[in-house]
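Residue-level structure breakdown
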Amino acid sequence: MNYEIVVGLEVHCQLNTESKAFCGCSAKFGNAANTNVCPVCLALPGALPVLNARVVEDAVKLGLATNCTIQRRSILARKNYFYPDLPKGYQISQFEEPICSEGLITIETDEGRKEVRLVRIHIEEDAGKSIHDIGDDTYIDLNRCSVPLLEIVSYPDMRTPKEASAYLQKLRQIVKYLGVSDGNMEEGSLRCDANVSVMPVGSTEYGTRTEIKNMNSFKSVEKAIEYEAKRQIEVIEAGGKIVQETRLWDSDRLETRSMRGKEAAHDYRYFPDPDLVPVLVDDDMLDRMKQELPEFPEDRTARFVAEYAIPAYDAAVLTVEREMADYYEETVKVSGDPKGSSNWVMGEVMRTLKEKYLDIAEFGISPVRLGGLVRMIGSGTISNTIAKQVFEIMQSDGASAETIVEREGLGQVSDSGAIEAAVREILDANPKQLEQYRSGKAQLLGFFVGQCMQKMKGKANPTVVNEILKQMLEG
Ligand code: ZN
Ligand code: MN
């Protein structure tokens, strides 16, 4: 029998607020253990939580960006369970009345565009961290307690591991464009659980699902879902039954393992948190958040094509990341050359970032300086070959392209006298090739051009070299 995979994702996105969700402690990642704590996030008796307004604003923005209905009134609830990294004995979350519901995210698949529906987006707080890898003991770091999260829950609308990864990448792109999260999967800013089941092709009834946790890259999401679906099919084909449970992805052994039986919602004894008032979103806030929405990739791609007359392919590559698109636009402002700028950003800049494992924000050449370099190529002051040398120098030297070209004497030579002299020398030095050229071997022109450029250390204006060469070869 042929089976179809059914996947729904629950994604936890860590917001990049300055302070935590319910107290003034720093939400920063990587500080010394148990230094970002206070009576509220340590759950000392009598301490009361106060909701961070930025968390509500971020939730509304993400809801708007994913076509959700924004609930004007939502409720914070207690999700009760015991764990050593959860000092309160409950997590503040949202249950029956989340802030956003019924959204939509569009992904690109091999068969074209596809819409994945969202059940909800809700606000919640993170728990602390248990540390198991120091000696034989377990340590607890409560810095992460109460760091704000948005949980994004999709319908089981994805049918392949690839679609699930495309959805996750799209969601990451959206939160990064919004600026509400760094979307860093390795540091846990984006954590994904997958609900996976299989059913016979053509069936409308979903099979029993399992939940997979602990996938911390796009690749591992794909691999884990693929493995889990295969495992389920094998169990069913052998006459067995799928048990609803939580399974852990082991990225070293490339398999999922049973972790625990799946809790049902009633196990958590949810109830509205009596310490917190309902969350209200008024017209003012809604309008303000709409105003603050960025131009999203699809719109920006279309505008790049229309405004800069660059190919749709270039525009799509340049707008994958908001910072990269900003960088490109700044470069164009200075260079006045949209296509030249896109060639450089997509070529040398992206290649360098990849080689050095850098983000565009960490890149040493500002868009203003790159724009200056591209402008010098356009004006014929330097050739493309020389520009690459200048680009290398610029990475460790804060000077402008103009300054470097002047200081290093790299300006392009268009002076026909100097070029003529070089051509003369080349012709004299290669009598055999000259002879062959004159007896009809026209393709030797390229050889002579190359020799001349080399002779002039790449600085000669290639158009002038070509003209002069042709004249002198005929003569
Ligand atoms: Zn605190
Ligand atoms: Mn959650």
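In this text, all values refer to a predicted model and were calculated from it rather than measured experimentally.

Section: the coordination of the manganese ion (ligand 2)
- At this site the manganese ion (ligand 2) is bound by H12 (NE2), E124 (OE) and E151 (OE), with donor distances of 2.0 to 2.2 Å.
- Along the chain, the residues donating to the manganese ion (ligand 2) are arranged with the sequence spacing H-x111-E-x26-E. Remark: E151 occurs in strand β10 (residues 148-154) and E124 occurs in strand β7 (residues 112-125); sequence separation between them is 27 residues.
- With a relative accessible area of 8%, E151 lands in the buried category.

Quick word on the nonpolar core
- Core analysis: the biggest nonpolar cluster contains 94 residues, and L9, V60, I99, Y167, L370, L373 and V390 have the highest contact counts within it.
- In terms of residues, this core owes the most to one element, helix α2 (residues 161-178), which gives nine residues.
- The two domains that each donate at least three residues to this core are domain 1 (3-285) and domain 2 (295-408).
- The contact partners of L370, leaving out residues within four places of it in the chain, are Y327, T331, W344, V345, V349, I365, F391 and M394.

Some details on the domain arrangement of the chain
- Domain annotation for the chain reports domain 1 (3-285), domain 2 (295-408) and domain 3 (416-474).
- Computed over C-alpha atoms, the centres of domain 1 and domain 2 are 37 Å apart.
- Tallying the contact residues gives nine residues for domain 1 and 10 residues for domain 2.
- Interface area for domain 1 against domain 2, summed over the two sides, is near 750 Å², with a carbon-plus-sulfur share of 52%.
- Of all residues in domain 1, Q173, K176 and Y177 give up the largest surface area on contact with domain 2, accounting jointly for 74% of the area buried on that side.
- Between E321 and K176 there is a salt bridge, with the nearest N and O atoms lying 3.4 Å from each other.
- The interface formed by domain 1 and domain 2 holds five residue pairs in polar contact (both at pLDDT 80 or more) in total.
- By residue number, the principal contributor to the side of domain 1 that touches domain 2 is α2, which donates six residues.

Some thoughts on the sheet that holds strand β4 (residues 77-80)
- Reading across from one edge, β5-β4-β15 is the order of the three strands in this open sheet, with antiparallel pairing throughout. Here the strands that pair on one side only, and so sit at the sheet edges, are β5 (90-93) and β15 (271-272).
- Across four bridges, the pairing between β4 and β5 is antiparallel. Note that in β5 the partner of A77 across the bridge is S93.

Some words on the pairing of strand β6 (residues 100-109)
- Bridging between strand β2 (residues 69-70) and β6 involves two bridges; their strand directions are antiparallel. Paired with T69 across the two strands is S101, which belongs to β6.
- Here β6 pairs with β7 via nine bridges, running antiparallel. Note on β7: the bridge partner recorded for T106 is E115.
- The turn linking β6 back onto β7 is made up of two residues.

So, the packing of aromatic side chains
- Summed over all chains, the structure comprises 13 aromatic pairs.
- A centroid spacing of 6.2 Å and a plane angle of 35 degrees characterise the contact between F363 and F391, whose relative ring orientation is tilted. With F363 in the loop between α8 (338-356) and α9 (367-378) and F391 in helix α10 (residues 384-394), the pair connects residues that are 28 residues apart, well separated along the chain.
- Note on F391: relative accessible area 0%, which makes it buried.
- Ring geometry for Y437 and F448: centres 6.4 Å apart, planes at 85 degrees, overall edge-to-face. You can see Y437 sitting in helix α13 (residues 431-438) and its partner F448 sitting in helix α14 (residues 445-455), a full 11 residues away along the chain.
- Residue classification places Y437 among the buried positions, given a relative accessible area of 12%.

Quick notes on the rules
- Residues numbered from 1 in each chain as written.
- Chains lettered and ligands numbered in written order.
- Predicted model: local features only at pLDDT ≥ 70, side-chain atom pairs only at ≥ 80, totals over all residues.
- Heavy atoms only, no water.
- Donors = N, O, S within 2.8 Å, 3.2 Å for Na, K, Ca; no water.
- Helix = DSSP H or I, 4+ residues; strand = E, 2+ residues; numbered from the N terminus.
- Buried < 20%, exposed > 50% of the residue type's maximum accessible area, 1.4 Å probe, protein only.
- Core = buried A, V, L, I, M, F, W, Y, C linked by side-chain atoms within 4.5 Å.
- Domains from an automatic or database assignment.
- Contact = heavy atoms within 4.5 Å.
- Buried area = accessible area lost by both parts, 1.4 Å probe.
- Salt bridge = Lys/Arg side-chain N within 4 Å of Asp/Glu carboxyl O.
- Polar contact = N/O pair within 3.5 Å; in protein donor to acceptor, adjacent residues only side chain to side chain.
- Pairing = 2+ DSSP bridges.
- Phe/Tyr/Trp six-rings, centres within 6.5 Å; stacked < 30°, edge-to-face > 60°.

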